[in-house]
Amino acid sequence: MILELREVSVHFGAVVALERVTLGVGRGELAAVMGPNGAGKSTVLKAIMGLAPVVGGQVFWRGTPLVAATHDIVKQGISFVPQGRRVFTHLSVIENLELGCLYLNDRAEQARRLESVLELFPILYEKRRDMASQMSGGQQQMLALGRGLMANPEVLLLDEPTLGLAPIVVKEVFEKVHEINERLRTTIFVVEHNIKGVLDIASRAYILDKGRLVHSGTPQSVQDTSILTDVFLGRLNVGEGEDTD
Amino acid sequence: MLTRPPSWQRLSELARNPLQAFALSRNNVELWANLLIITFAVVFMLWKGATFAVTLGTVFAIWAMLSVSLNLVVGFTGLLSIGHIGFFGVGAYTVAILTSTTAYENLRTGAIPTFGWPFFAALPVAAIAAGLVALLVGIAFNRFRDDIYVLVSFGFAIISFNVFLNLRGITRGAFGIHDVARPQIGSWVFDTELELMLMAMALMVIVVGISWFIVSSSFGRVLTAIREDEQVAEVFGYHASHYKLAVWVISAMMAGVAGGMFSSWTTFIDPNSFILLESVLLVSIVILGGLATIWGSLLGALAFVLLEEGMRFLPFLPQEYVGQARQVVLGILLVLLMVFRPQGLVGRYKL
């Protein structure tokens with residue numbers, strides 16, 4: 001595993017968001033974390049990024065504990081695309097992308113990365129001079145993905161990349177995520193509520209329920225069992241009495 | 001939203017066809033605000049004469065330095081501070097204390113140290129002093145944001161005023177400091193209003209230049225990112241606290257320079273020049289001109305100075321009510337602005 005959570009617990013006061021969760025992603029893989037609302041999916045990524053209070057366990061990066069502050073994690077090779085796109089709406093597409101690696105202070109390298117990202121996302125090239133606020137939700141998601149790639153990460157963390165998008169756009173986003181994983185060999189750790197779409201492109205799957213890991217295996221193993229149905233219909237007796245919102 | 005300026009070719013086409021130009025610009029509030037304020041300034045100065053215009057120019061330059069520097073913090077970084085007047089005061093008092101040579105021993109407050117420095121030696125110290133105070137205050141403020149930030153900056157304005165008022169061994173409290181030195185190069189003393197205005201304008205140009213450089217740089221881009229979404233800026237490798245602290249200190253140093261110029265121009269300062277109301281007026285100027293625009297801050301400062309001075313000549317307004325009336329008019333203007341144009345005259349963002 002290049003990036004791994006071992007026995008990680010995250011508590012927000014009395015609220016248990018994650019309890020002794022162990023999961024990870026191998027180099028070049030596309031690992032998907034799924035589960036119903038409040039399962040703690042996004043908290044997994046936040047724990048990696050130092051945005052959630054880890055009260056037990058540890059995050060490991062290339063086999064050693066990841067102890068960097070949030071603003072240093074991207075420099076270690078982990079890039080995060082947050083939920084809801086969160087592009088800088090008052091900046092242009094190019095300015096948004098450049099912010100993905102301005103910390104480098106190497107203009108030639110920034111220009112090289114910009115060129116390769118614009119090549120990967122034709123829509124961003126087409127809209128490169130537009131303000132991010134003028135883009136549609138799907139285009140903004142592409143921009144968020146592109147901005148994440150500007151850091152030239154080894155691992156890309158994606159938090160609900162298809163949230164709030166139209167079905168046709170969802171398909172495009174999954175295709176692009178798959179392309180990034182296949183073509184750039186970028187390891188991807190994606191948290192997603194769209195089970196069907198993400199299982200089609202994932203190489204490893206995890207299912208969370210009420211802050212606990214209830215299944216891990218291949219995408220096929222998820223489809224071969226009734227685990228998803230049980231989780232989404234509340235048939236599993238996991239962490240009774242605990243709120244994971 | 002950004003609008004791109006028309007090309008020179010397009011401008012010359014419009015110049016040849018004024019009716020078309022008028023039709024196109026009819027709804028352009030920014031253009032009309034610029035034209036109105038600048039035209040009013042020119043007419044007002046022609047009407048009142050050169051001497052008045054020169055004084056007005058100095059007042060404008062000082063307010064402009066303050067509003068441009070505050071806009072770096074409020075507009076470009078998204079930290080609504082109403083404590084900026086404190087740094088203005090630190091700069092003013094630093095220059096006053098370092099340059100004044102008055103024998104205070106004869107006065108009731110007792111002796112305060114006198115140094116007799118020249119203005120140009122004291123001014124950089126004023127900037128550094130304001131920067132140091134900002135650094136200390138900023139380290140404490142960095143943990144706050146949004147509404148709490150407004151409240152703590154409010155507290156700083158109150159505290160700084162009380163320090164100026166009560167630290168009498170250094171500031172002479174309510175008695176103020178007299179005979180602040182004028183700028184001097186060799187035997188050339190900047191003693192006339194024109195020379196002082198040129199000096200203030202030169203400092204303003206430096207402040208504007210530095211501000212423009214900051215907002216045009218990658219540092220400025222990160223400030224914009226922090227204003228829009230601090231957490232995402234952090235995720236992308238920018239230590240937001242450091243950036244916020246840096247711009248806060250730079251902005252305070254600029255305010256310190258404005259304060260130094262102010263005390264040298266008036267040659268006398270007391271705590272009444274650094275009350276909370278001045279800070280509120282300053283924030284109003286920034287909002288009036290527009291957030292995250294240097295030109296807007298200059299325009300806002302010009303509009304404010306014209307409003308402030310212009311009201312003195314309203315025939316139906318007795319002189320004793322002018323001061324209060326200015327505040328009322330500015331208040332009404334701000335309310336109207338918030339309702340009809342919350343991004344300010346030429347701003348890009350709403351507060």
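To start, this report covers the structure provided alongside it. (Residues numbered from 1 in each chain as written. Chains lettered and ligands numbered in written order. Predicted model: local features only at pLDDT ≥ 70, side-chain atom pairs only at ≥ 80, totals over all residues.)

Re the overall build of chain A
Alright, step 1. Counting its regular elements, chain A contains 10 helices and 10 strands.
Alright, step 2. Computed over the C-alpha atoms, the radius of gyration of chain A is 18 Å, within 12% of the 18 Å expected from 2.2 N^0.38 for a compact globule of 245 residues.
Alright, step 3. Along the longest, intermediate and shortest principal axes, the C-alpha atoms of chain A span 50 × 40 × 30 Å.
Alright, step 4. Of all intrachain contacts in chain A linking residues separated by at least 6 positions in sequence, the fraction that spans at least 24 positions is 69%. (Helix = DSSP H or I, 4+ residues; strand = E, 2+ residues; numbered from the N terminus. Rg over C-alpha atoms; globule rule 2.2 N^0.38 Å. Contact = placed C-beta atoms within 7 Å.)

A word on unusual backbone geometry
Residues and elements named next belong to chain A.
Alright, step 1. Although it is not a glycine, Arg85 sits at a positive phi angle of roughly 70°.
Alright, step 2. Backbone geometry at Glu160 places phi at a positive 45°, although glycine is not the residue there.
Alright, step 3. Using a count of 20 C-beta atoms within 10 Å as the deciding quantity, one classes Glu160 as buried. (Buried ≥ 20, exposed ≤ 12 C-beta atoms within 10 Å, placed from the backbone.)

Quick look at helix H3 (residues 29-48) of chain B
Residues and elements named next belong to chain B.
Alright, step 1. Here H3 spans 28 Å end to end across 20 residues, near enough to the 28 Å set by a 1.5 Å rise per residue.
Alright, step 2. Taken together, the buried positions of H3 are Glu30, Ala33 and Ile37. One face of H3 carries all of its buried residues, which in axial projection span an arc of 65°. Those residues of H3 that are exposed and angled more than 90 degrees off the buried face are Leu35, Leu36, Thr39, Val42, Val43, Leu46 and Trp47.
Alright, step 3. Elements in contact with the buried residues of H3: helix H14 (294-310).
Alright, step 4. Residue Gly49 follows H3 closely and has a positive phi angle near 95°. (Expected span 1.5 Å × (residues − 1). Arc of directions from axis to C-beta.)

Quick look at the interface of chain A and chain B
Alright, step 1. Contact residues are listed per partner, giving 19 residues for chain A and 18 residues for chain B.
Alright, step 2. Contributions of two or more residues to the side of chain A that touches chain B are made by helix H2 (70-73) and helix H3 (93-99) of chain A.
Alright, step 3. For the side of chain A that touches chain B, a count of residues per class yields 10 nonpolar, six polar and three charged. (Nonpolar A, V, L, I, M, F, W, Y, C, P; charged D, E, K, R; others polar.)

Looking at the sheet that holds strand S10 (residues 212-217) of chain A
Two strands in a sheet stick together by hydrogen bonds in their backbones, pointing the same way (parallel) or opposite ways (antiparallel).
Residue and element names in this part refer to chain A.
Alright, step 1. Taking strand neighbours across the sheet as the criterion, the six strands line up as S6-S7-S8-S3-S9-S10 in an open arrangement whose pairing is mixed. One side of each edge strand has no neighbouring strand; the edge strands of this open sheet are strand S6 (78-81) and S10. Between one strand axis and the next, the sheet turns by 15° as a mean value, whatever way the strands run.
Alright, step 2. Bridge count between strand S3 (residues 30-34) and strand S9 (residues 204-209): four bridges; the pairing is parallel. Each residue of the ladder has a partner; that of Val33, found in S9, is Tyr206.
Alright, step 3. Running at roughly 155° to strand S8 (residues 187-191), helix H7 (residues 167-183) makes contact with S3, strand S7 (155-159) and S8 of the sheet. (Pairing = 2+ DSSP bridges. Axes fitted to C-alpha atoms, helices over the stretch in contact; angles between N-to-C directions.)

Digging into the nonpolar core
Alright, step 1. Grouped together as the largest cluster of nonpolar side chains are 175 residues, with contacts concentrated most on Leu157 of chain A together with Met65, Ala130, Val257 and Ala258 of chain B.
Alright, step 2. Counting residues per element, this core draws most heavily on helix H12 (residues 240-266) of chain B, at 14 residues.
Alright, step 3. In this structure, Leu157 of chain A is in contact with Leu45, Ile48, Ile78, Ser79, Phe80, Val81 and Phe189 of chain A, ignoring residues within four places of it in sequence. (Core = buried A, V, L, I, M, F, W, Y, C linked by C-beta atoms within 7 Å.)

Points about the sheet that holds strand S5 (residues 64-65) of chain A
All names here are of chain A.
Alright, step 1. Spatially, four strands are ordered S2-S1-S4-S5 in an open sheet, and the strand pairing comes out antiparallel. Each of the sheet's edge strands pairs with one partner strand only, and the pair in question is strand S2 (15-25) and S5.
Alright, step 2. For strand S1 (residues 3-12) and S2, the ladder comprises seven bridges, and the chain directions are antiparallel. When the sheet's bridge partners are listed, Glu4 is paired in S2 with Gly24.
Alright, step 3. Strand contacts of helix H1 (residues 41-49): S1, S2 and strand S4 (54-61), with the helix running at about 105° to S1, the strand carrying the most contacts.

Nothing here speaks to function; it is geometry throughout.
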